[in-house]
Number of protein chains: 2
Amino acid sequence: MKKISEAVVRRLPIYLVVLNDLHKRDIQTVSSQDLGNKLDLNPAQIRKDLAYFGEFGRKGIGYDVSYLIEKIRQILKLDQPLSVGLVGAGNLGRALCNYNTYLKDNMKIMAVFDAHPSVVGTQINSLTVQAMDDLKEKVEELHIVIGIITVPAVEAQNVADRFVDAGVKAILNFAPTILRVPEHIRIHYADFTRELLSLAYYLEKNEEEDDEPAVD
Amino acid sequence: MKKISEAVVRRLPIYLVVLNDLHKRDIQTVSSQDLGNKLDLNPAQIRKDLAYFGEFGRKGIGYDVSYLIEKIRQILKLDQPLSVGLVGAGNLGRALCNYNTYLKDNMKIMAVFDAHPSVVGTQINSLTVQAMDDLKEKVEELHIVIGIITVPAVEAQNVADRFVDAGVKAILNFAPTILRVPEHIRIHYADFTRELLSLAYYLEKNEEEDDEPAVD
């Protein structure tokens, strides 16, 4: 299969959200036009994205929803179980554990760790918060391949080092700081302040219209 | 000023995180090479990004950290106060309110709302959770321009409609669902499952190396 660009890889989960929704409502086929409307994307873009993995669409009928779900899950490697570990059992960590129910796609948070003795042993749904000293052993035992970091910025690098040492292959970092990891570790940043700050940029035009009417 | 591409706008907050860190450590100049190392980005890409808003770098000296911070804040419209409102005072909502301390850049969550009577009136740091019935009035009173949605997927569209009706200009949605908003409203998705799912794709190569040694 051709190498898929990062932009496409990031769109695939969005397609999956919409397709799962259609599937739940017993809708069996969907056109690129419909998908485009739902996602605010150009239908030509969608057709191009989906053409990466072969021809699924049939002219005048559209895409088979179940088949497309299966294919995207397969491409995203969601057709086999993926274990996730999380460090930082604060509000954000707890919120993410609650997402477990959305993660039908064989991807589950299997273990939660925290450095603070007062939190260790407490429950988050069916998970018991574990001590950092047990991280390496648990990562190996549970075959955890993705580590999520939801600790304060100053503690994040240390947690990343521990995850790498324990053998995870990818990190999703929510701490608002840049982390150094070895070349072979994939790291994604999910810092919400970044989303918020880039959103501010797009307010510019409206703001100017409101606050500075052209007077000359 | 030239129109800045979305990819660049999304990188600017990342530059800001690093630059703020350098500034805190009293470092006054930085080269594109240094920035590139810290961010795992190509220095040529960084020079190109920063060249969008005029020439700040000086050969052999690099970029003036303070000036760059000021300029990026200005471009991202962070040099003037921006009020944010949030609906959904669950774990995620509470976690985001705790980020308020990171949001030095004049952007602050000013009000939190929730539909559940048992949550209304409770405190999150200095904020008191308010009833949905007060949303419109408060959005106007506090000049809230950005709405954050941290409610379950099934409630998200209704909350988006309320925000739009109240007059916000942009929405940051954390619910794992696609929302319909009018053309003039900017919407960003910060659904963490999406980050996690796209991360899975990049595990493919390693997994195959581990699990399927070439035998023929």
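For clarity, every value in this text was computed on a predicted model and none was experimentally measured.

### Re the overall build of chain A
So, step 1. When helices and strands are counted, chain A shows nine helices and nine strands.
So, step 2. Looking at chain A as a whole, 50% of its 216 residues qualify as buried.
So, step 3. Within chain A, residue pairs in contact and separated by at least 24 positions form 56% of the contacts whose partners lie at least 6 positions apart.
So, step 4. By element, 48% of the accessible surface of chain A is carried by carbon and sulfur atoms, the whole surface being about 10,600 Å².

### Topic: the sheet that holds strand β9 (residues 170-173) of chain B
So, step 1. What the six strands build is an open sheet, ordered β7-β4-β3-β8-β9-β10 (chain B); its pairing is parallel. Strands at the two margins of the open sheet, each flanked by one partner only, are β7 (130-131) and β10 (186-189) of chain B.
So, step 2. Across four bridges, strand β8 (residues 144-149) of chain B lies against β9(B) in parallel orientation. Opposite Gly147(B), over in β9(B), you have Ile171(B) as the bridge partner.
So, step 3. Along the sheet, helix α8 (residues 192-201) of chain A makes contact with β3 (82-87), β4 (107-114), β8, β9 and β10 of chain B, crossing β9(B) at roughly 160°.
So, step 4. Across the sheet, helix α5 (residues 91-98) of chain B lies against β3, β4 and β8 of chain B, angled at about 155° from β4(B), the strand it touches most.

### Let's talk about the side chain of His188(B)
So, step 1. Note on placement: His188(B) falls in strand β10.
So, step 2. With relative accessibility at 2%, the residue His188(B) sits in the buried group.
So, step 3. For His188(B), the side chain forms a polar contact with the side chain of Arg186(B), separated by 3.2 Å.
So, step 4. When near neighbours in sequence (up to four residues on either side) are disregarded, His188(B) contacts Glu195(A), Ser198(A), Leu199(A), Tyr202(A), Glu6(B), Arg10(B), Ile171(B), Leu172(B) and Asn173(B).

### So, the side chain of Asp49(B)
Residue and element names in this part refer to chain B.
So, step 1. In this fold, Asp49 is placed in helix α3 (residues 43-51).
So, step 2. Engagement of the side chain of Asp49 in a polar contact is seen with the side chain of Arg11, the distance being 2.6 Å.
So, step 3. Setting aside residues no more than four positions away along its own chain, Asp49 makes contact with Val8, Arg11 and Tyr15.

### Side note on the sheet that holds strand β9 (residues 186-189) of chain A
Residues and elements named next belong to chain A.
So, step 1. With mixed pairing, seven strands are arranged side by side in an open sheet as β5-β6-β4-β3-β7-β8-β9. Only two strands of the sheet have a single partner each, and these edge strands are β5 (123-124) and β9.
So, step 2. Sitting on the sheet, helix α7 (residues 153-166) touches β3 (82-87), β7 (144-149) and β8 (170-173), and the angle it makes with β7 is about 175°.

### What about the domain arrangement of chain A?
Residues and elements named next belong to chain A.
So, step 1. Per the domain assignment, the segments making up chain A are domain 1 (6-75) and domain 2 (82-194).
So, step 2. Relative placement of domain 1 and domain 2: their C-alpha centres are 31 Å apart.
So, step 3. Facing five residues of domain 1, the contacting portion of domain 2 comprises four residues.
So, step 4. Roughly 360 Å² is buried in total at the junction of domain 1 and domain 2, and carbon and sulfur atoms are behind 22% of that figure.
So, step 5. Ranking the residues of domain 1 by area buried against domain 2 places Glu6, Arg10 and Arg73 at the top, with a combined share of 75%.
So, step 6. At the junction of domain 1 with domain 2, the criterion picks out zero salt bridges.
So, step 7. Run the count over domain 1 and domain 2 and you get zero residue pairs in polar contact (both at pLDDT 80 or more).
So, step 8. The class makeup of the residues in the side of domain 1 that touches domain 2 is one nonpolar, one polar and three charged.

### Here we look at helix α1 (residues 6-24) of chain A
So, step 1. With 19 residues, α1(A) should cover 27 Å at 1.5 Å per step; its first-to-last C-alpha distance of 28 Å lies within 8% of that length.
So, step 2. Among the residues of α1(A), those classed as buried are Val8(A), Val9(A), Arg11(A), Leu12(A), Pro13(A), Ile14(A), Tyr15(A), Leu16(A), Val18(A), Leu19(A) and Leu22(A).
So, step 3. Its buried side turned inward, α1(A) meets β1 (29-30), α2 (32-39), α3 (43-51) and α4 (65-75) of chain A together with α8 (192-201) of chain B.
So, step 4. In the stretch just after α1(A), Asp26(A) is the one whose phi turns positive, near 60°.

### Thoughts on the confidence of the model for chain A
Residue and element names in this part refer to chain A.
So, step 1. On average, residues of chain A score 84 in pLDDT, and 88% of them reach the 70 mark or higher.
So, step 2. Confidence, expressed as mean pLDDT per element, reaches its minimum in chain A at helix α9 (residues 204-211) with 45 and its maximum at helix α6 (residues 135-141) with 97.
So, step 3. Confidence over residues 206-216 falls short of pLDDT 50; this stretch has ten contacts with residues more than four positions distant or in other chains.
So, step 4. Here the predicted complex scores 0.75 on pTM and 0.70 on ipTM.

### Side note on the relation of the copies chain A and chain B
Between the two copies of the chain lies a rotation about an axis combined with a shift along it.
So, step 1. In screw terms, the move from chain A to chain B is a rotation of 180° and a rise of 0.0 Å along the axis, fitting with an RMSD of 0.0 Å. Both copies are brought into coincidence by an operation consistent with a two-fold rotation axis.
So, step 2. Taken as a fraction of all interface residues of chain A, those also at the interface in chain B reach 100%, which identifies the copy contact as same-surface.

### Thoughts on the pattern of salt bridges
Two side chains bearing opposite charge may form a pair once their charged atoms approach each other closely.
All names here are of chain A.
So, step 1. Tallying each qualifying case throughout the model produces eight salt bridges over all chains.
So, step 2. In this structure, Arg11 and Asp49 form a salt bridge, with 2.6 Å as the shortest nitrogen-oxygen distance. Of this pair, Arg11 sits in helix α1 while Asp49 sits in helix α3, and the two are 38 residues apart along the sequence.
So, step 3. Among the residues examined, Arg11 registers a relative accessible area of 17% and is labelled buried.
So, step 4. Residue classification places Asp49 among the buried residues on the basis of a relative accessible area of 1%.
So, step 5. Note that Lys136 is salt-bridged to Asp165, the shortest N-O span being 3.5 Å. With Lys136 in helix α6 and Asp165 in helix α7, the pair connects residues that are 29 residues apart, well separated along the chain.
So, step 6. Under the relative-accessibility criterion, Lys136 is labelled partly exposed at 38%.

### Section: the interface of chain A and chain B
So, step 1. Contacts between the two partners involve 65 residues from chain A, matched on the other side by 65 residues from chain B.
So, step 2. In this structure, the connection of chain A to chain B is made through zero salt bridges.
So, step 3. The interface formed by chain A and chain B holds zero residue pairs in polar contact (both at pLDDT 80 or more) in total.
So, step 4. Among the elements of the structure, α1, α2, α5 (91-98), β7, β8, β9, α8 and α9 of chain A are those that each provide at least two residues to the side of chain A that touches chain B.
So, step 5. It is α8(A) that provides the largest number of residues to the side of chain A that touches chain B, a total of ten residues.

Definitions and limits used
Residues numbered from 1 in each chain as written. Chains lettered and ligands numbered in written order. Predicted model: local features only at pLDDT ≥ 70, side-chain atom pairs only at ≥ 80, totals over all residues. Heavy atoms only, no water. Helix = DSSP H or I, 4+ residues; strand = E, 2+ residues; numbered from the N terminus. Buried < 20%, exposed > 50% of the residue type's maximum accessible area, 1.4 Å probe, protein only. Contact = heavy atoms within 4.5 Å. Areas by Shrake-Rupley, 256 points an atom, 1.4 Å probe, with all protein chains shown as cover. Pairing = 2+ DSSP bridges. Axes fitted to C-alpha atoms, helices over the stretch in contact; angles between N-to-C directions. Polar contact = N/O pair within 3.5 Å; in protein donor to acceptor, adjacent residues only side chain to side chain. Domains from an automatic or database assignment. Buried area = accessible area lost by both parts, 1.4 Å probe. Salt bridge = Lys/Arg side-chain N within 4 Å of Asp/Glu carboxyl O. Nonpolar A, V, L, I, M, F, W, Y, C, P; charged D, E, K, R; others polar. Expected span 1.5 Å × (residues − 1). pLDDT = per-residue confidence, 0-100. Least-squares fit on C-alpha atoms with pLDDT ≥ 70 in both.

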